[in-house]
Amino acid sequence: MPSTPGMKPGGFYDSHSDTQGAAIDTFLPWLVDAVDELPVPAAGGPPLTLLDLGSSQGKNAIRAMRGLAEAIRRRTDAPAWALFSDLPTNDFNRLFVNLFPHGPGSPPPIGEGVFTAAVAGSAYGPIVPPASVHVATSFNMIGWLDALPPARLPRYILATGPSARGDRSAVTEEEREPFRRQAASDLHRFYRARAGELVPGGKLLVQVFGRDEARDRSASDGIYDVVSDALLDLVDDGSLPAKVYEDLVFPLYFRTAGELVEPIESEPDLASTFRVDRAETVETPVPFNAELERDGDLGEWARRFTGFLRAFTEPIVAAAIPANLPADEILADAYRRVEARLEEDPARYEFRFISVGVLLTRTPARRG
Ligand SMILES: C[S@@+](CC[C@H](N)C(=O)[O-])C[C@H]1O[C@@H](n2cnc3c(N)ncnc32)[C@H](O)[C@@H]1O
């Protein structure tokens, strides 16, 4: 059973994810620049297939596929599929509305001659037929663990641990190890599945929130500190049992760029199947931080920061609240406190979006 209950539904993620969108805008040009070497079918030939993994409600994913399809149209007029995939816990209704916003007569969302479909399936296994995909993308997804390891983190809520401004000893290396192993195993299965699905010469672009060891920074800094502090406030005032906090573990792992390429370098079957074209750590822009610099409006910054983190943290906090407690009240209170804490002490919760990314080419598999 996958460990994520999905993003906050009803379009909430779509409306609060321009930070993830800005990261996509930073990495998509890698792929656009590589379109010239893509093997593409001729006009009238078999369809070209684009596959996005972990598309959520679709706003960012559709924009990315549109940018990619525009670049591919410079090479071929072949009909194309743009496939959007996610777990069954995803708000697929919203995705379909985004794909077909105005009903009959709607302009094609990705471009002329590009047909769309949604696929429910886990990116950690194959989800389309072998050798059928020309370009696969995955944005802000691969850090979501396929399953939570049987491990507890009673003094924090995330295996990465608190930022340098928090208590680093709250998660020990020993406690982190099962999460590192789970993430490594997930990544192997992800790459193996894509190796099967991509045509020779096909491209895979992966971007995800990550960690920069050299700068001692993680994209988790600030976000999980403020969620943890707000939940501890609720424990202190008696509205949340301490055990709920002690049992809560976010099913996430923040990788370095090195960890993202490690399986390609160390696993012989993957090393003979993929070529690493680019692998980098990039601090991508955060629109609400940029706005704060422009207008100095701390209240608005705290409101936007809260919306951003609420879109992906609330479903997990909600799932941890026992059925006998008033979940809606607790959640409303928790995110009120998140916003208040951000406004009171912005320096403690500084957030930088450390993104890691890799661009791979599927090479013909070695025989024998
Ligand atoms: C933060 S959202 C990213 C959405 C979009 N790609 C973007 O960048 O805005 C992460 C998405 O990954 C999905 N996800 C998590 N684990 C997955 C898995 N094993 N297979 C497919 N999708 C997964 C979640 O359901 C969620 O919709």
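Note: the structure precedes this text.
Thresholds, definitions, all that
Residues numbered from 1 in each chain as written. Predicted model: local features only at pLDDT ≥ 70, side-chain atom pairs only at ≥ 80, totals over all residues. Heavy atoms only, no water. Buried < 20%, exposed > 50% of the residue type's maximum accessible area, 1.4 Å probe, protein only. Helix = DSSP H or I, 4+ residues; strand = E, 2+ residues; numbered from the N terminus. Pairing = 2+ DSSP bridges. Right-handed = clockwise from strand over helix to strand, strands pointing away. Salt bridge = Lys/Arg side-chain N within 4 Å of Asp/Glu carboxyl O. Axes fitted to C-alpha atoms, helices over the stretch in contact; angles between N-to-C directions. Parallel < 35°, antiparallel > 145°, perpendicular 65-115°, else oblique. Left-handed = near helix turned anticlockwise from the far one by under 90°. Contact = heavy atoms within 4.5 Å. Nonpolar A, V, L, I, M, F, W, Y, C, P; charged D, E, K, R; others polar. Lys, Arg positive; Asp, Glu negative; His and termini not counted. Polar contact = N/O pair within 3.5 Å; in protein donor to acceptor, adjacent residues only side chain to side chain. Arc of directions from axis to C-beta.

Asker: Hey, could you run me through the pairing of strand 2 (residues 80-86) in this one?
Answerer: The side chains of a regular strand alternate, residue by residue, between the two faces of the sheet. The buried fraction of strand 2 amounts to 6 of the 7 residues, a majority that puts the element mostly inside the structure. Here strand 1 (residues 48-53) pairs with strand 2 via 6 bridges, running parallel. Across the sheet, residue leucine 51 finds its bridge partner in strand 2, namely leucine 83. Regarding topology, helix 3 (residues 59-72) serves as the crossover connection from strand 1 to the parallel strand 2, and that connection is right-handed. Judged from the 7 bridges that link them, strand 2 and strand 3 (residues 114-120) form a sheet pairing that is parallel. Paired with serine 85 across the bridge in strand 3 is valine 119.

Asker: Just to check I follow, could you spell out the pattern of salt bridges for this structure?
Answerer: Close approach of charged atoms allows side chains with opposite charge to pair. Scanning all chains against the criterion turns up 38 salt bridges. For glutamate 267, the salt bridge identified is with arginine 192, shortest N-O distance 3.1 Å. Of this pair, glutamate 267 sits in the loop between helix 8 (257-266) and helix 9 (268-271) while arginine 192 is found in helix 5 (residues 173-197), placing the two residues 75 residues apart along the sequence. Judged by relative accessible area, arginine 192 falls into the partly exposed class, the value being 36%. When salt bridges with common partners are traced through the structure, they connect Arg165, Asp212, Arg215, Arg217, Glu283, Glu350 and Arg352 into a single cluster.

Asker: What's the story with the packing of helix 2 (residues 18-34) against helix 3 in this structure? I'm lost.
Answerer: Between helix 2 and helix 3, whose axes approach to 10 Å, the crossing angle comes to 20 degrees. Between helix 2 and helix 3, the crossing angle belongs to the class labelled roughly parallel. Between helix 2 and helix 3 lies a crossing whose hand is right-handed. Where helix 2 abuts helix 3, its residues Gln20, Gly21, Ile24, Asp25, Leu28, Leu31 and Val32 lie against Asn60, Arg63, Ala64, Gly67, Leu68 and Ala71. Residue classes in the contact of helix 2 with helix 3 are distributed as 7 nonpolar, 4 polar and 2 charged.

Asker: In this structure, what is going on with the side chain of aspartate 91? I would like to understand it.
Answerer: Turning to its location among the elements, aspartate 91 is positioned in the loop between strand 2 and helix 4 (92-99). Buried charged residue aspartate 91 carries no salt bridge. Nearest counter-charge: arginine 94, at 6.1 Å. Within the local environment of aspartate 91, its side chain forms a polar contact with the backbone nitrogen of arginine 94, the two atoms lying 3.1 Å apart. Apart from the residues lying within four places of it in its own chain, the contact partners of aspartate 91 are Pro9, Gly10, Gly11 and Gln57.

Asker: For this particular structure, what's the right way to read helix 8?
Answerer: One turn of an α-helix holds 3.6 residues; hence residues three or four places apart share an orientation. For helix 8, the set of buried residues is Ala257, Leu260, Val261, Pro263 and Ile264. For helix 8, the angular spread of buried residues about the axis comes to 150 degrees, placing them on one side. Buried residues in helix 8 make contact with helix 5, strand 5 (198-209), strand 6 (211-212), helix 9, strand 8 (274-284) and strand 9 (353-362).

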